Amino acid sequence: MIKTYFKTAIRSLLKNKVFTLIHISGLAIGISASLVIYLLVSFHLGFDKFEKDKDRIFRVVSNFNFSGEEFHNSGVTSPMGDAIRKELTGLEIVVPFRTYNEDTRVSVPYKDETHPALFKKQGDIIFTDQSFFDLLGYEWLAGSRDKALIKPYQVVITESLSKKYFPSLSASNVIGQELIFNDTVRTMVTGIVKDIKANTDFTFSTFISRATLENTSLKPDDWNEWNNTNSASQLLVKLTAGTPVLKIEKGMYQLYEKYRKKDKDDHSSQNFSLQPLSDLHFNAAYGGYALPLANKPTLYSLMSVAVFLLLLACINFINLSTANATHRAKEIGIRKTLGSSRKQLIAQFLTETFMLTLVATVLSLVLVPLLLKIFEDFIPKELHFDPIHQPDLFLFLSILVMIVTFLSGLYPAMVLSGYKPVLVLKNQAYANTGRTRSSWLRKSLSVSQFVIAQVFIMATILVSKQINYSINSDQGFKKEAILNLTTSFYDSVKANKYLLAEKIKALPGVKMVSMCTNPPSSNSTWSSTLKYADGKKEVETNVQLKYGDSNYIRLYGLKIVAGNGITQSDTVNAFVINETYAHILGFHQPENAIGKYIEWNRKQIPIVGVVADFHEMSMHESIKPLAIGSMAKYSRTISIALQSEDHTGNKWNNTINQIEKIWKEIYPKDDFEYTFFDEQIAKYYTQEQHISDLLKWATGLAVFISSLGLLGLVIYSTNIRTKEIGVRKVLGASVTQIVSLISKEFILLISIAFLIATPVAYTVMHKWLQNFAYPTSISWWIFILGLGIMVIVASITLAYQTIRAAKSNPVKSLKFE
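Note that the coordinates shown come from a computational prediction; the quantities given were computed from them, not determined experimentally.

Undergrad: For this particular structure, what's the right way to read a nonpolar patch on the surface?
TA: A cluster of nonpolar side chains, Leu395, Ile399, Ile403, Phe406 and Leu407, forms an exposed patch at the surface whose accessible area comes to about 480 Å². Along the chain, Leu407 falls in helix H12 (residues 391-417). In this structure Leu407 comes out as partly exposed when scored by relative accessible area, which is 43%.

Undergrad: I tried to follow the pairing of strand E11 (residues 206-209) on my own but got confused; where do I start?
TA: On a regular strand, one side chain projects to one face of the sheet and the next to the other, so that they alternate. Side-chain alternation along E11 places Thr206 and Ile208 on one buried face and Phe207 and Ser209 on a second face that is also buried. Across 4 bridges, strand E6 (residues 125-128) lies against E11 in parallel orientation. In the strand pairing of E11, Ile126 is matched with Phe207. In the sheet, strand E8 (residues 154-158) pairs with E11 via 3 bridges, with the strands oriented antiparallel. Bridge pairing in E11 places Ile157 opposite Thr206.

Undergrad: How should I be thinking about the confidence of the model for the chain in this particular structure?
TA: Across the chain, the average pLDDT comes to 83, with 88% of residues at or above 70. Within the model, the stretch residues 429-438 combines pLDDT values under 50 with 21 contacts to residues more than four positions away or in other chains.

Undergrad: Any chance you could explain empty space enclosed by the protein here in plain terms?
TA: Take a probe with the size of a water molecule and roll it over the atoms, and the empty space left behind shows itself. In the structure shown here, the tally under the stated rule is 5 cavities of 30 Å³ or more. Of the volumes computed, that of the second largest cavity is approximately 100 Å³. As for the second largest cavity, its lining consists of 16 residues, and the residues nearest its centre are Ser522, Thr525, Gln544, Glu616 and Met617. For the lining of the second largest cavity, the element with the most residues is strand E17 (residues 538-547), which contributes 3 residues. The residue makeup of the lining of the second largest cavity, split by class, is 5 nonpolar, 7 polar and 4 charged.

Undergrad: Just checking my understanding: could you explain the side chain of Gln234 for this structure?
TA: Within the element layout of this structure, Gln234 appears in strand E12 (residues 233-239). In this structure the side chain of Gln234 is engaged in a polar contact, spanning 3.1 Å, whose partner is the side chain of Ser74. When neighbours within four sequence positions are excluded, Gln234 is seen to be in contact with Arg59, Ser74, Gly75, Val95, Pro96, Phe97, Thr99 and Tyr289.

Undergrad: Help me understand the packing of helix H15 (residues 440-472) against helix H23 (residues 735-769) in this model?
TA: When two helices pack together, their arrangement is given by the angle between the helix axes and by the axis-to-axis distance. Contact geometry of H15 with H23 gives a least axis separation of 7 Å together with a crossing angle of 40 degrees. One finds that H15 runs oblique with respect to H23. Like other packed secondary-structure pairs, H15 and H23 cross with a definite hand, here right-handed. In terms of residue class, the contact of H15 with H23 is made up of 20 nonpolar, 4 polar and 2 charged.

Undergrad: Even after reading the chapter, I still don't get the packing of aromatic side chains, so can you show me in this structure?
TA: Remark: the centre distance and the inter-plane angle together describe each pair of aromatic rings, the angle taken between the planes. The full count for this structure, using the stated rule, is 30 aromatic pairs. Their ring planes at 55 degrees and their centres at 4.8 Å tell us that Phe119 and Tyr165 sit as a pair that is tilted. With Phe119 in strand E5 (residues 117-122) and Tyr165 in helix H5 (residues 159-165), this pair connects stretches of sequence that are 46 residues apart. Since its relative accessible area comes to 18%, Phe119 is described here as buried. Through a chain of ring-to-ring contacts, the aromatic side chains of Phe97, Phe132, Phe133, Tyr138, Trp140, Phe202, Phe204 and Phe207 assemble into a single cluster. When the ring centre of Phe282 is taken as reference, the NZ or CZ atom of Lys296 above it lies at 4.9 Å.

Definitions and cut-offs
- Residues numbered from 1 in each chain as written.
- Predicted model: local features only at pLDDT ≥ 70, side-chain atom pairs only at ≥ 80, totals over all residues.
- Heavy atoms only, no water.
- Patch = residues over 30% accessible without salt bridge, like charges linked within 9 Å, V, L, I, M, F, W, Y side chains within 5 Å.
- Areas by Shrake-Rupley, 256 points an atom, 1.4 Å probe, with all protein chains shown as cover.
- Salt bridge = Lys/Arg side-chain N within 4 Å of Asp/Glu carboxyl O.
- Helix = DSSP H or I, 4+ residues; strand = E, 2+ residues; numbered from the N terminus.
- Buried < 20%, exposed > 50% of the residue type's maximum accessible area, 1.4 Å probe, protein only.
- Pairing = 2+ DSSP bridges.
- pLDDT = per-residue confidence, 0-100.
- Contact = heavy atoms within 4.5 Å.
- 1 Å grid on protein atoms, 1.4 Å probe; cavity = no way out; pocket = protein on both sides within 12 Å on 5 of 7 lines; lining within 4 Å.
- Points joined across faces, edges and corners; volume = space filled by probe spheres on them.
- Nonpolar A, V, L, I, M, F, W, Y, C, P; charged D, E, K, R; others polar.
- Polar contact = N/O pair within 3.5 Å; in protein donor to acceptor, adjacent residues only side chain to side chain.
- Axes fitted to C-alpha atoms, helices over the stretch in contact; angles between N-to-C directions.
- Parallel < 35°, antiparallel > 145°, perpendicular 65-115°, else oblique.
- Left-handed = near helix turned anticlockwise from the far one by under 90°.
- Phe/Tyr/Trp six-rings, centres within 6.5 Å; stacked < 30°, edge-to-face > 60°.
- Lys NZ or Arg CZ within 6 Å of the ring centre and 35° of its normal.

Written out as structure tokens, the structure reads:
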């Protein structure tokens, strides 16, 4: 029986090649989209699932409150790790470690002592001890876990790094070899561990003994400092079974209060939280380590997109199947006359649907690599598509095939198997089954398609509008034709950066040069608590700090609304504040702030100027209180304003080549790297750009699938109204009148869908815009444009079939009447 079902299904599908092709195309698109999104979601949700007792592993993070404003830091005070090891109970493993500079040079002298192999920009380096390997369960390939990180200047590396640094040596032979970090830290390899293959945020590959920091001149200034919190000082803990999280958090706070230096003028507060391992990959408030973090709401939104696209494909299948029912009515009548039961017919039609879905699934496996390539900027490079070695993928596809077969095939199977043989053989199936123009379910499904498609269209328009607004609106500073480069962190000759700036300033293609810590808008933040006393009350504020020279304000076009700019100095001797900070201090007129003093680092610093507010970070963030000073020793960034007439590209290239030549003269060992300030601003909205690209893709698919569904509906409509069209033509109706008659009910469906889609789209867009402190407006034309695009696409879809039906010869349609 099953063999007969499959043979009959193949014969039927080959007979209706056009409809079969449309069915497969719609389903393949929906399944491909679902498969890509499943790969992405399962990749991110699968992070750090391999650790033993992972539900008892936490990262300790810090929370601050400055004058009512909350701040978060992934690090802890440096002495906390050793203190909780000695003084707190309920902890099975305590792992203090310290991250190292990402821009690290590693020299490997095993072949040539005088000319060692040099590896630049090496990251994923930490200072730790053997407890780190106990917590995460690394597999050792060489060396002793108990002895590898006991003494200063010992280092353990991963297998992949061992092959990179020592390609001709086995793991056991790498033991005892030397690695030199930044030309100063000479270490000996004492262990090789296997790389973690599972998805993890712990991507570290170089582990230097913590004793190297503790017992040498490399010890950080804050090593024993309880009052400073540094994000480089990290702490992981594993609780003993049954230990309450609250107990450990309370114990850490008590230790902090016990050892920190108390200041009666300090009104800030600090506490510690245990961040679960499962939260590490998603919580942007604390940040991760190396990999970009994922966003759970975004993942859930992607899952919704997958569901909607799959639903559209299923609705499309239903509409096309029922539209083609007229061609199968007599087949059903004959089968029933010959003894086929309704259950057998339903099984037959479900078998056809299953085969179509199966073919579409196979086709989707071919399309997925192409989609992954198209969206490679959005897809993590660690994500791999390998159906043979991913059993979960096979399980997902199997379940998906069953669900799609059931959702797509059941309703058409019920409709087709319900035809009465007497009526269909008399060619009266549609006249007497109650499934004529009152086919409300079919029309409801089409309206649902149009609602989803229009919501996608409107959302795509709004996201593009917000990105354009964020990048191109006036942000309070000049960003065009400004190039930034950062001088070497390891340069022992401090005068080199000044020499570099002077030589660049002399180039004909350069308008102005400024030395600063970072540009006006930057992801790199530096803040401190500043105090102002007006004799009645004291105002304590956490203020963003930026340092620059006397050209800084002019180069970036910051608008001075009162007072003067800053003058270059080795130490801060004056502040220029922004309007937001002036208002917080109680000065509603900016000029009233001039000459007042702010306490910073126990020194009184005068306010010499006020600048108009500008966006210090992306438009996700509100403008914060800011003070600009001058501190030459911290200024490593050189901002270069290029001549505006050099915007022709080649001239800029000439100037940049000249800058690179000067750089190589002063920093021969360092790579020349630069960024344009406007491109740096655009990178703030990379995630939004990815969302926009994804929405455009989803919108295109939704509109295409909806068009296929509309095509099915118009075919169905013209089939059942063939004789009506013939009669109208005999009575004198023109082609235009008939096309208008057929089309208007579909335009009505799109209009109904518009009325439903508009409030849905508005709600979704309004919620998304809440992620921005400065959102664009939800303009009325977004909705009208969405409707217009849908009407144009529908009109194009309707045109061929309706005109063809209107031009048909009425003699042929009426000859059997």
